[in-house]
Structures are given as structure tokens and as C-alpha cells.
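# Coordinate analysis (summary)
Listed here are the chains, written in short residue letters.
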Amino acid sequence: MSTESIAAPRSNSAQSPKYKRSKGNNSSFEMAAWLFMRLSGVVLIVLIFGHLFVNLMLGDGIHAVDFGFVAGKWASPFWQIWDLVMLWLAILHGTNGVRTIINDYAERSGTRMTLKTVLYVASGVIVVLGTLVIFTFDPCPPGAVIDLPSFCPVP
Amino acid sequence: MWSWVGHRITGVVIFIFLLVHVLDTSLVRVSPEAYTAVIGAYKNPIMGLGEAGLVAAIVFHAFNGLRIIAIDFWKKGPKYQRQLLWGVLALWAVTMIPFLIRHLTIVFSNFFGGH
Ligand code: HEM
Ligand code: HEM
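Computed from a predicted model, the values in this text were never measured in an experiment.

### A look at the packing of aromatic side chains
Two numbers describe a pair of aromatic rings. These are the distance of the centres and the angle of the planes. Counted according to the given criterion, the structure contains eight aromatic pairs over all chains. Judged by centre distance (5.5 Å) and plane angle (50°), the rings of Trp 34 of chain A and Phe 73 of chain B are tilted. Linking Trp 34 of chain A in helix 1 (residues 27-57) with Phe 73 of chain B in helix 3 (residues 45-73), this pair reaches from one chain into another. Given a relative accessible area of 36%, Trp 34 of chain A falls into the partly exposed group. A centroid spacing of 5.7 Å and a plane angle of 50° characterise the contact between Phe 78 of chain A and Trp 82 of chain A, whose relative ring orientation is tilted. Here Phe 78 of chain A and its partner Trp 82 of chain A are both found in helix 3 (residues 77-105), four residues apart, which amounts to about one turn of the helix. The class of Phe 78 of chain A is exposed, set by a relative accessible area of 51%.

The following block contains the structure:
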């Protein structure tokens, strides 16, 4: 039976597979995502290279990193904001990148949905956790003894 | 083509590292002991090499990312994409050599020399 035997307008399925799309084709979202990958990439270069330089190259490099080191950095709003922006941009950029890869390789739509759900949940949890850690950080936790920054009151 | 494969793989590797990295950093909210114990693992020579590999991946992804941006936005980008790839590899080497000297010195001298 051809489509001609059914008068227009017809439903969007079976007889006219050309229009068998769910809702919209998301092209403006994909455009925004494409642009975001490039803009966030440029900003991330500065943030991540800066992060690696300060934590691996300066002073005693990786050997200087301990609780006191983190406390020293997060005592300044400068590094708090730095890490916050780096966290959000890197997670969004990475999540969107992995989403593209899932779309490319997972052919069954069920598999795609499952993988993307896992991806979004993982990214969401990490972004919330990372944000909370930056803002609820306590440099002088009660009862702690080792590696405290020098500005903590002596117990 | 290979640069695209490399860009994909490094992107995924960095993303997975980042998920774990936020988890290990979150130990600062548990206790200084917990954080310092886990970060201590980052200081042995094997992890030191792992960090070098991670940085190598990021530096490639970052410079190749700039190349992709140049190809997309610069009028002559597509024409010179091959030369740009050589540029990426050259910049990668120029960044990695001093980085490796400094990082591996820190990792190995502290391990064998102690404090
Ligand atoms: C082996 C290399 C690395 C070391 C030694 C390292 C070390 C650290 C340290 C000590 C902190 C605590 C706060 C601070 O210092 O600012 C931190 C936080 C952070 N790092 Fe790294 N880092 C490394 C690589 C990376 C990379 C490659 C990324 C990005 C993809 C990254 C993203 C972050 C983020 C987003 C935070 C904040 C975490 C939070 O909000 O809880 N780091 N890192
Ligand atoms: C350091 C600065 C960075 C720059 C300049 C950069 C740049 C780019 C660019 C231009 C793309 C291509 C997007 C497209 O083809 O539409 C891309 C893809 C991607 N990036 Fe990054 N990026 C950076 C950091 C990161 C980080 C930190 C992660 C992980 C958390 C990451 C993960 C990815 C992934 C998974 C893709 C998808 C690859 C693909 O579709 O083949 N990137 N990046």
C-alpha cells in the first residue's frame, strides 16, 4: 500500500519514514554544543595548564601536595574560583565529548539511552560533589593533627 | 585521521581521570590523614610515570584542540591542516621535554634521595 492511498495530512510514522523523527532535530542545541566545545577548550587550556604548572612544576612539585597544600590554595578565593570554573568547564566539555562518542558508536537506541544515562548521572554527581568540596572545605578540622596549614590555631 | 583517533582517545582518558580525581580530592572533606594517604600514592615512581602519561595526553589534546579550532575558524585552516598537525607535534615536544625533565627529577630524586 503506497502513501498515496491515504489522504494528507498523514501521521509522522510508518507510511512516511522520512518524517519519522521524534521531536525537532535538535540542530540549534548541536550548534551550541559545537561552539561550547571550542570556547571551553580555549579557556580550559589556560586553567588546566595553570593547574598542572602550580601543582607539578613549582616548589617541590607533586611532593609538596598534601592536605596543607590544598588548604593553602583554597584559603584564597582566587584558587577556589579557578578550580570551580575548571571543574564545571572540564566536566561539561568532557561529558559532551563522550556523548558525541556514544552517539557515534552505540547503534541501538536502547544502548545509547543507557550509556548516556550512566554518563549524565556520573557527571552530575561529580560536579555537585566537587562544588561542595570547594565550598564546604574546612582547613582546620577539629581533631586532626597531621599536615595542617600553618594558619590553624595550635591545639 | 589518526590525529582524530588520538584526540578521541585522549579526551576519554582525561575524562575518566577527572572523575577519579574529583573523588580523590573530595577526601579533603573526610580527614587530612585520608587525603594525604591517598595522595601519597601519587608520589611513587610508577604513578609519576602515569602522571607524565596523563600530561602527555592533555598537552596533545589541548594543542590538537587548538588545531581543530583553527581548521574550523581560520579561512586557510583546512588548507594547512597537515602543516598544523606538524606544528601540534612540535609544540607537544617543546612542552613535554622541559616538563619531563622537571617532573621526573622531582619524582625520582625524592624517591631515592628522600628528604
Ligand atoms: C597529575 C596531575 C594533577 C595533580 C597532581 C593535581 C592535583 C590537584 C590538587 C592538589 C587539587 C586540590 C586543589 C588545588 O590544588 O587546586 C586538585 C583539584 C582539582 N583538579 Fe587537579 N591535579 C592534576 C591534574 C588535573 C587535571 C588534568 C585536571 C582537569 C582535567 C584537574 C582538575 C582538577 C579540578 C576540577 C579540581 C577541583 C576538584 C574539586 O572541586 O573538588 N586536575 N588537583
Ligand atoms: C586543554 C584544553 C582542551 C582543548 C583546547 C580541547 C578542545 C577540544 C575540541 C576542539 C574538541 C572537538 C570538538 C568537536 O569535534 O566538535 C574536543 C573534543 C573532546 N574533548 Fe576536549 N579540549 C580540552 C580539554 C579536554 C578535557 C579536560 C577533557 C576531559 C575532561 C576533554 C575531553 C574531550 C572529549 C571526550 C572530546 C570528544 C572527542 C570526539 O568527539 O572525538 N577535553 N576537545
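### Observations regarding the site of ligand 1
Contacts to ligand 1 come from 25 residues, most closely from His 51, Lys 73, Asp 83 and Gly 130 of chain A together with His 21 of chain B. Contact distances for ligand 1 include 2.9 Å between an oxygen atom and a backbone N or O atom of Gly 130 of chain A. Here a nitrogen atom of ligand 1 and a side-chain polar atom of His 21 of chain B are 2.7 Å apart. Counting residues per element, the ones that place at least two in the shell around ligand 1 are helix 1, helix 2 (67-74), helix 3 and helix 4 (109-136) of chain A together with helix 1 (2-25) and helix 3 of chain B. Of the residues contributing to the shell around ligand 1, the split by class is 17 nonpolar, five polar and three charged.

### Details of the side chain of Arg 67 of chain B
Residue and element names in this part refer to chain B. You can see Arg 67 is positioned in helix 3. The buried charged residue Arg 67 lacks any salt bridge, with Asp 72 as its nearest oppositely charged partner at 10.0 Å. Reaching out from Arg 67, the side chain makes a polar contact with the side chain of Ser 3 at a distance of 3.2 Å. Within the structure, Arg 67 has its side chain in polar contact with the side chain of Asn 64 (distance 2.9 Å).

### Focus: the coordination of the iron atom of ligand 1
Each protein donor to the iron atom of ligand 1 is listed here as His 51 of chain A (NE2) and His 21 of chain B (NE2); together their distances run 2.0 Å. Here the iron atom of ligand 1 binds six donor atoms, and the angle range of 83 to 179° at the metal identifies the geometry as octahedral. Of the two residues, His 51 of chain A sits in helix 1 while His 21 of chain B sits in helix 1, which places them in two different chains.

### What to know about the site of ligand 2
In the neighbourhood of ligand 2, 22 residues make up the surrounding shell, with Arg 38 and His 93 of chain A together with His 7, Arg 8 and His 61 of chain B lying closest. One chain alone does not account for the residues near ligand 2; they come from chains A and B. His 61 of chain B has a polar side-chain atom sitting 2.8 Å from a nitrogen atom of ligand 2. When contributions to the shell around ligand 2 are tallied by element, the ones reaching two or more residues are helix 1 and helix 3 of chain A together with helix 1 and helix 3 of chain B. With seven residues, helix 1 of chain B is the single largest residue contributor to the shell around ligand 2. For the shell around ligand 2, the per-class residue count stands at 11 nonpolar, nine polar and two charged.

Reading the values: the criteria
Residues numbered from 1 in each chain as written. Chains lettered and ligands numbered in written order. Predicted model: local features only at pLDDT ≥ 70, side-chain atom pairs only at ≥ 80, totals over all residues. Heavy atoms only, no water. Phe/Tyr/Trp six-rings, centres within 6.5 Å; stacked < 30°, edge-to-face > 60°. Helix = DSSP H or I, 4+ residues; strand = E, 2+ residues; numbered from the N terminus. Buried < 20%, exposed > 50% of the residue type's maximum accessible area, 1.4 Å probe, protein only. Near = heavy atom within 4 Å. Polar contact = N/O pair within 3.5 Å; in protein donor to acceptor, adjacent residues only side chain to side chain. Nonpolar A, V, L, I, M, F, W, Y, C, P; charged D, E, K, R; others polar. Lys, Arg positive; Asp, Glu negative; His and termini not counted. Salt bridge = Lys/Arg side-chain N within 4 Å of Asp/Glu carboxyl O. Donors = N, O, S within 2.8 Å, 3.2 Å for Na, K, Ca; no water. Tetrahedral: all angles 85-135°; square planar, octahedral: opposite > 155°, others 65-115°.

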